[in-house]
Amino acid sequence: MPDFLLSALLAGIAVALVAGPLGAFAVWRRMAYFGDTLAHSALLGVTFGLLLDINLNLAIALGCLLLALILVGLQNNRFLATDTLLGILSHSTLALGLICVSVFSDNRIDLMAYLFGDILSVSTTDVISIWGISVAVIGALIWLWRPLLAITMHEELAQVEGVPVARVRTALMLLMALVIAIAMKVVGVLLITALLIIPAAASRRLTHTPEQMAIVSSLLGVVAVLAGLTASYWWDSPAGPAIVLSATLLFSLTLLKKQHA
Amino acid sequence: MRDFLIKARGLGVTRNGRQILQRADLTLQAGKIVTLIGPNGAGKTTLVRAVLGLIKADEGELIKAPDLRIGYMPQKLHLEPSLPLTVARFLALGGKPRADLGEILELTGIDKLIKMPMQSLSGGETQRVLLARALLRDPQLLVLDEPVQGVDVTGQSALYALINEIRNRRQCGVLLVSHDLHLVMATTDTVICLNQHVCCEGHPEQVTNDPAYLALFGEAIGTANPPQVAIYTHHHDHQHDAHGNVIKAKPGAHVHTSSCGHDHHA
């Protein structure tokens, strides 16, 4: 196996593993649009990274974290509905990111790579940082598992029972921002939400507990990464979209299963 | 030892420039059931949320007994169909139980439902599961927001009987919100009628043989022994205008009763 393919596999698997449980929360809490908004803002992070001449991965992560905090603050505002607010931010940051990247980049970066991912070009350093963040986020999710589930069921009930709802909710958003930052390399800003949502949705019919759903979702994500990279290797299709389509195929297969729960 | 669990004096809440709760007083005591009634938009939920500490009142004071454990049964549980969760897991989400699980399951009659997915429960079953989760905290105060909503009349009667039994067994205080202006739990100690402010409060009258009551609610409750539901009647000493402000009736045009022993200063 060529080295670049091995790196791609390792990076893809790390992202798929953490996208499983996080994607499950995105589905349960209807955060798909939120994920899109964070992903689009990642492009803006690229611009700032170039402007300030700092590590691009770090800049993307910081950009996502910052926007997640802004979103947490704005959601308390009842002036506009959350989806309207997200719609404004999501597309404005994408547009601004596109303009900034083309104006400031001096052809130093490949825009398509950021939009649709460039998993075949990940370096060893990338693989290490992706695994590091992936393992850290999975650890945090395990630690916060019960409070996260409690606020997903009923925020006020959780609050009365002593769960620090606002802090747990913010933590979930920050974790999602981190995962989006690492997933960007794999599937690109336009397809990140798919990697979160589709494996989680596919696992719903196959499982009976939240934990099973999170784990099966991770496994389905890994299968999608393997299948997508295989397709990319043999047929030279773009890797990110091939991974997403593989996940969609898995989801379609689960629709054949009779629902009994 | 204090003689109350929660004491609220002159609570006022204003949202978007509109006063949704004015000068509300409320005292909750161990072993006592207080029922809150009032029309939609009367501020019942606001008062409950203030008691639970979910919102902060803009005016007035709220004194809680130290380390007060509250069991809360929310009005509605929105269940995401994509979240697979059994009743047992749902109960465990409330944290480490302080009360004996087997005993609570038996008391609320949900022992047979424990392995079922939450989404497959009926309205009445969901209410019992929510009540069980509140009870697992071994609460000193139970706050029940419209517990009989979506439950048929027989089920309501059974649920009220259960709440009464819980109060008698555990000697906890109960704050109950009722969506119905006329039907309240018969064993309620105090009924508070809220319409932005506390209109009046008093004991429910036990009108079990009233023909109008039987005609309305049938044999199901009428023959229950002892009755679990009563009709609450009260005498208003004032009217509300379209904005909910109090219009004082002309002197002598109304009869004050003992349950209306307070004045309004509108």
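Rules of the game
Residues numbered from 1 in each chain as written. Chains lettered and ligands numbered in written order. Predicted model: local features only at pLDDT ≥ 70, side-chain atom pairs only at ≥ 80, totals over all residues. Helix = DSSP H or I, 4+ residues; strand = E, 2+ residues; numbered from the N terminus. Rg over C-alpha atoms; globule rule 2.2 N^0.38 Å. Buried ≥ 20, exposed ≤ 12 C-beta atoms within 10 Å, placed from the backbone. Contact = placed C-beta atoms within 7 Å. Nonpolar A, V, L, I, M, F, W, Y, C, P; charged D, E, K, R; others polar. Axes fitted to C-alpha atoms, helices over the stretch in contact; angles between N-to-C directions. Parallel < 35°, antiparallel > 145°, perpendicular 65-115°, else oblique. Left-handed = near helix turned anticlockwise from the far one by under 90°. Pairing = 2+ DSSP bridges. Core = buried A, V, L, I, M, F, W, Y, C linked by C-beta atoms within 7 Å. pLDDT = per-residue confidence, 0-100. Expected span 1.5 Å × (residues − 1). Bend = angle between axes of the 7 residues up to and from the residue.

**Some points on the overall build of chain A**
The helix and strand inventory of chain A stands at 12 helices and zero strands. Helices (α) and strands (β) of chain A occur, in sequence order from the N terminus, as α-α-α-α-α-α-α-α-α-α-α-α. In terms of overall size, chain A behaves like a compact globule, its C-alpha atoms giving a radius of gyration of 18 Å where 261 residues would be expected to give roughly 18 Å. Once the C-alpha set of chain A is aligned to its principal axes, its extents read approximately 55 × 45 × 30 Å. Looking at chain A residue by residue over its 261 residues, the buried ones come to 51%. The contacts of chain A with a sequence gap of at least 6 include a subset with a gap of at least 24, amounting to 77%.

**Describing the overall build of chain B**
In terms of regular secondary structure, chain B is built from six helices and 13 strands. A fraction of 72% describes how many contacts in chain B between residues 6 or more apart in sequence connect residues 24 or more apart.

**Comments concerning the interface of chain B and chain A**
Taken together, the 18 residues of chain B in the interface contact 20 residues of chain A. Taken together, the residues that form the side of chain B that touches chain A break down as 12 nonpolar, three polar and three charged.

**Remarks on the packing of helix 1 (residues 3-28) of chain A against helix 11 (residues 210-235) of chain A**
Residues and elements named next belong to chain A. Packing of helix 1 against helix 11 brings their axes to within 7 Å, and their N-to-C directions diverge by 150°. One way to sum up the angle between helix 1 and helix 11 is to call them roughly antiparallel. In the packing of helix 1 onto helix 11, the handedness of the crossing is right-handed. Here L5, A8, L9, G12, I13, A16, L17, A19, G20, P21, G23 and A24 of helix 1 come into contact with helix 11, specifically with P210, M213, A214, I215, S217, S218, G221, V222, A224, V225, L229 and Y233. The residue inventory of the contact of helix 1 with helix 11, partitioned by class, reads 18 nonpolar, six polar and no charged.

**Section: unusual backbone geometry**
Backbone geometry follows two general trends: most residues other than glycine have a negative phi, and most peptide bonds adopt the trans configuration. In the Ramachandran plot, D236 of chain A falls in the positive-phi region, its phi being about 60° despite a non-glycine side chain. Its location among the elements puts D236 of chain A in the loop between helix 11 and helix 12 (239-254). The phi torsion at D67 of chain B lies on the positive side, around 55°, for a residue other than glycine. If you trace the backbone, D67 of chain B turns up in the loop between strand 4 (59-64) and strand 5 (70-73).

**Notes on the pairing of strand 9 (residues 190-195) of chain B**
Residues and elements named next belong to chain B. In terms of burial, strand 9 is largely enclosed, as five of its six residues are buried. Strand direction decides the pairing type here: strand 3 (residues 33-37) and strand 9, joined by four bridges, are parallel. Bridging from a neighbouring strand, I37 pairs with C193 of strand 9.

**What about the packing of helix 1 of chain A against helix 9 (residues 165-187) of chain A?**
Residues and elements named next belong to chain A. Between helix 1 and helix 9, the least distance of the axes is 10 Å, while the angle of their chain directions is 145°. In this structure, helix 1 meets helix 9 at a crossing whose hand is left-handed. Contact residues: A11, G12, V15, V18, A19, L22 and F25 in helix 1; L172, L175, M176, V179, I182, A183, K185 and V186 in helix 9. Partitioning the contact of helix 1 with helix 9 into residue classes produces 13 nonpolar, one polar and one charged.

**A short note on the environment of I60 of chain A**
All names here are of chain A. Mapped onto the elements of the fold, I60 is located in helix 3 (residues 56-75). By C-beta crowding, I60 is classed as buried, having 26 other C-beta atoms within 10 Å. In contact with I60, other than residues within four places in its own chain, are A42, G45, V46, G49, A181 and M184.

**Details of the sheet that holds strand 1 (residues 6-15) of chain B**
All names here are of chain B. With antiparallel pairing, three strands are arranged side by side in an open sheet as 2-1-4. Edge strands, defined here as strands with exactly one partner in the open sheet, are strand 2 (18-28) and strand 4. The sheet shows a mean angle of 25° between the axes of neighbouring strands, taken without regard to direction. Pairing geometry for strand 1 and strand 2, over seven bridges, is antiparallel. Within strand 2, the residue paired with T14 across the bridge is Q19.

**A look at the nonpolar core**
If you look at the biggest cluster of nonpolar residues, it comprises 155 residues, and the most contacted ones within it are V15, V179, I180, A183 and L195 of chain A together with V143 of chain B. Considering every element that reaches this core, the biggest residue donor is helix 1 of chain A, with 15 residues. Aside from chain neighbours lying at most four places away, what touches V15 of chain A is I130, S134, I182, A183, V186 and L195 of chain A.

**What about the pairing of strand 7 (residues 173-177) of chain B?**
If a strand is regular, its side chains alternate between the two faces of the sheet. Residue and element names in this part refer to chain B. Where burial is concerned, most of strand 7 is hidden: five out of the five residues are buried. What you see with strand 7 is no split at all: G173, L175 and V177 on one side and V174 and L176 on the other are buried throughout. With four bridges joining them, strand 3 and strand 7 adopt parallel strand pairing. Note that in strand 7 the partner of T35 across the bridge is L176.

**Observations regarding the confidence of the model for chain B**
Residue and element names in this part refer to chain B. Averaged over every residue, the pLDDT of chain B is 75; residues scoring 70 or more account for 71%. Here residues 206-224 scores under 50 on pLDDT; set against residues more than four positions off or in separate chains, the count is 21 contacts. Considering only residues more than four positions removed or in separate chains, one finds that residues 249-266, a stretch of pLDDT under 50, has 20 contacts. For this predicted complex, the interface score ipTM comes out at 0.79, while the overall pTM is 0.80.

**Here's the deal with the confidence of the model for chain A**
When pLDDT is averaged along chain A, the result is 86; 96% of the residues meet or exceed 70. The weakest mean pLDDT in chain A belongs to helix 5 (residues 111-116) of chain A at 80; the strongest belongs to helix 11 of chain A at 93.

**As for helix 9 of chain A**
Side chains that are three or four residues apart share a direction in an α-helix, a result of its 3.6 residues per turn. Residues and elements named next belong to chain A. With 23 residues, helix 9 extends 32 Å between its outermost C-alpha atoms, agreeing within 8% with the 33 Å of an ideal straight helix rising 1.5 Å per residue. Roughly 30° is the biggest bend found in helix 9, and it falls at A181. Positive phi appears at G188, one or two residues downstream of helix 9, with a value of about 80°.

**What to know about the environment of S102 of chain A**
Residue and element names in this part refer to chain A. Inspection of the secondary structure puts S102 in helix 4 (residues 82-104). Exposure remark for S102: the 12 C-beta atoms within 10 Å place this residue in the exposed category. Once the C-alpha coordinates of S102 and F251 are considered, the two residues, 149 residues apart in sequence, prove to be 36 Å apart.

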